[in-house]
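Listed here are the chains, written in short residue letters.
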Amino acid sequence: MEPRFKAAKLKRLVDERRQRIENRKKESRTFYDAVRRQLDATTWKQLPCTERIYQITVLSDYINSDNPSEEFPADTAAADIGKLLDSWRTYGKKALFHIMSEHQEPQEAEGFQESDLHLATAVFTCPFHGPNSTDAEVSFGLIGWDDAALHLECNLPWPFHHLCNGDLYFKAKFRFNPNGQHTAQHLLKLMGLNPNTTLASSLDDSSARFACMTCPLERKRRVEGRYVMTFKECVSHAIICSDHQPESFMILTEEATKSVIFHEDISEIRSAHSWCCKHCPEHFNNLVPRQAAVAHVKETHSISSPVEKVDFFYQQSRERLVRRQFFVGSDFPPCYRCNKCPEARKLRLWTWQTLLAHLTGNPGSH
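Rules of the game
Along every chain, residues carry numbers that run from 1 in the direction the sequence is written. Owing to the predicted nature of the model, reporting of local features is limited to residues with pLDDT of at least 70; listing and counting of side-chain atom pairs is limited to 80 or more, with chain, interface and lining totals taken over all residues. In computing side-chain properties, one takes all heavy atoms of the structure into account and sets aside hydrogens as well as water. Here a helix means four or more residues in a row that DSSP labels H or I, a strand means two or more in a row labelled E, and each is numbered from the N terminus. Using a 1.4 Å probe, the Shrake-Rupley method yields the accessible areas, and only the shown protein chains count as cover for residues. Should DSSP find at least two bridges between two strands, the strands are regarded as paired. Only protein chains enter the accessibility calculation, which uses a 1.4 Å probe; a residue is then buried when its area is under 20% of its type maximum, exposed when over 50%, and partly exposed in between. Any pair of nitrogen or oxygen atoms within 3.5 Å is treated as a polar contact; in protein, a donor-acceptor pairing is required on top of that, and neighbouring residues in sequence qualify only through side-chain atoms on both sides. In what follows, a contact means two residues having at least one pair of non-hydrogen atoms within 4.5 Å. To be clear, the arc concerns the directions from the helix axis to the C-beta atoms. When a carboxyl oxygen of Asp or Glu lies within 4 Å of a side-chain nitrogen of Lys or Arg, that pair is called a salt bridge. The axes are straight lines fitted to the C-alpha atoms, using for helices just the contacting stretch, and the angles between their N-to-C directions are given from 0 to 180°. Ring geometry is summarised as follows: Phe, Tyr and Trp rings, the Trp one being its six-membered ring, pair when their centres sit within 6.5 Å, and such pairs are stacked at plane angles under 30 degrees, edge-to-face over 60 and tilted between the two.

## Quick notes on the overall build of the protein
When its secondary structure is counted, the protein shows 13 helices and twelve strands. Summed over all atoms, the accessible surface of the protein reaches about 21200 Å², with 51% contributed by carbon and sulfur.

## A look at unusual backbone geometry
Phi at Ser302 takes a positive value of approximately 55 degrees, unusual for a residue other than glycine. Secondary-structure assignment places Ser302 in the loop between α12 (290-301) and β9 (312-314). For Lys309, which is not glycine, the phi dihedral falls at a positive 75 degrees. With respect to the secondary-structure elements, Lys309 resides in the loop between α12 and β9.

## Notes on the sheet that holds strand β1 (residues 123-125)
The three strands lie next to each other as β2-β1-β3, forming an open sheet whose pairing is antiparallel. This sheet does not close on itself; its edge strands, each paired only once, are β2 (142-143) and β3 (175-176). Relative to β2, β1 runs antiparallel, the two being bridged by two bridges. Paired with Val123 across the two strands is Ile143, which belongs to β2.

## Considering the side chain of His151
Tracing the chain through its elements places His151 in the loop between α6 (144-149) and α7 (152-155). Take His151: its relative accessible area is 1%, and that puts it in the buried class. Side chain to side chain, His151 and His129 meet in a polar contact 3.5 Å long. Excluding its chain neighbours within four sequence positions, the residues that come into contact with His151 are Cys126, His129, Leu142, Phe174 and Arg318.

## Description of the environment of Ser69
Along the chain, Ser69 falls in the loop between α3 (57-64) and α4 (74-101). Ser69 sits in the exposed class, given a relative accessible area of 58%.

## Topic: α3
Within α3, burial applies to Val58, Leu59, Tyr62 and Ile63. For α3, the angular spread of buried residues about the axis comes to 125 degrees, placing them on one side. Of the surrounding elements, those touching the buried residues of α3 are α1 (2-37), α2 (50-53) and α4.

## Structural notes on the pattern of salt bridges
With the rule as written, the count across this model stands at 15 salt bridges. Taking the shortest distance from any N to any O, the salt bridge between Lys232 and Asp147 comes out at 3.2 Å. Here Asp147 lies in helix α6 and Lys232 lies in helix α9 (residues 231-240), a separation of 85 residues in the sequence. The exposure class of Lys232 is partly exposed, given its relative accessible area of 24%. Taking relative accessible area as the criterion, Asp147 reaches 5% and is therefore assigned buried. Each of Asp147, Asp204, Asp205, Lys232 and Lys309 takes part in one network of salt bridges that share partners.

## Focus on the sheet that holds strand β5 (residues 218-220)
Strand order in the open sheet formed by three strands is β5-β6-β10, with antiparallel pairing between adjacent strands. On the outer flanks of this sheet lie β5 and β10 (327-329), each paired with one strand and no other. The average angle at which neighbouring strand axes cross in this sheet is 55 degrees, direction not considered.

## Some thoughts on the packing of aromatic side chains
Two measures describe an aromatic ring pair: the distance that separates the ring centres and the angle between the ring planes. Under the definition given, this model contains seven aromatic pairs. Ring plane angle 75 degrees and centroid distance 5.6 Å describe the contact between Phe124 and Phe176, whose orientation is recorded as edge-to-face. Pair noted here: Phe124 is in strand β1 and Phe176 is in strand β3, with a separation of 52 residues, a long-range link. Of the two residues, Phe124 and Phe176, both sit in the buried class. Between Trp275 and Tyr314, the ring centres sit 5.3 Å apart and the planes meet at 70 degrees, which makes this aromatic pair edge-to-face. Of this pair, Trp275 sits in strand β8 (residues 275-277) while Tyr314 is found in strand β9, placing the two residues 39 residues apart along the sequence.

Written as C-alpha cells, this is what we have:
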C-alpha cells in the first residue's frame, strides 16, 4: 500500500504546485494590467505581452517558489516592470534606427537622428503582417514610430529582459522598405509638404487622395476607373507592387477629393469596437464603437462636445481594419451638390438636369 500512498502524495503535490503557479500568474497578470491602466491609453497596444512580464526575475522567482505563504512582491515588481517598459521602448527605437540608418545614403546618414523615426518617410514592414501574411485584412505599411511600435511584440527577441544592452539591435526582425520611403517622399511633394520635416502623425487626418496610374483600369458596373487611396494606402500599395514607381501616383484635384470624401463609407471604422476614452481606463479590456466612446465621455467626464484624439480616439492594433476604397469611374456622368441647401441637412447628389429642377422648384428657399 505504501507505494500507492507515495504516488497519491506526489500527484497531490504536483497538482498543488501547478495550481499555485497558475494562481500566481493570474495575480501577476492582474498587477501588470493595473500598471498599464495608469499609462497613456494610446500606448497600451505598444506594450509587451504578459508572458514577457513573467520573465522578470522577481516575478519568475515568485511564480515558481515552493513557499505557499510567500507574498506578492508588489513594490519590487512595480519598479522592475517600469524598467522593462522603458527598456522595451528604448530597445525598439534603437533597433528601428539601426535598421533605417543602414539604408540611408552616406551624406544623409551623417545628420540622421533617432527622431527621424517619427517622420512620414520612415517606412517599415513587419514580416509577420506583410504581403505574404495569411491575414488579408492587415495593413502592413508601417509609417513612423507609432505604427511600428504596435509590432514590437512580434519583432523583438525572446527572451527580452536581458538583451537591453550591447549591440544586439540587429535581432529585431523589422524591415525597412526603400520603395515605400521613396513613394512617401513623392506623395509629400505632391501635397506641397517637406519630406524632411513632415511627421507621420500629421497625416492621420489628411484629406489628400491619390490614384495609381500604373494600375490598369478596372471595370465596375460597366464603368472603367480606379480605386482612390489615402497616403498610407499608397505606401502599402507601393510595397505590394514594388514595380510601381513613386511617379505612378497622382494626387486628385481639390474638387475631385471633396467628391470622393463625400462618397466614402466610414461606417465600418466608426462602428468597429476600436474606440477608447483618453481620460480613464474604462475601455482597457473592452473597446467600443465610436458612438459609445463619445457617450461615455459626455456622461462620465461631463464634456458636452468631445473632441476626437483629445477626449477619445481610435485604438490601432496590429490587425488593422482595412477600409473600403472608393472607385472613381473615368467616364461616369458627373454629379453635383447644391450649395444653397443648409449644411445641417443630409445633402444629396444630383445629375445636372435634376439639379436644375431642384433649384427652380425651390425658388423661395433658394
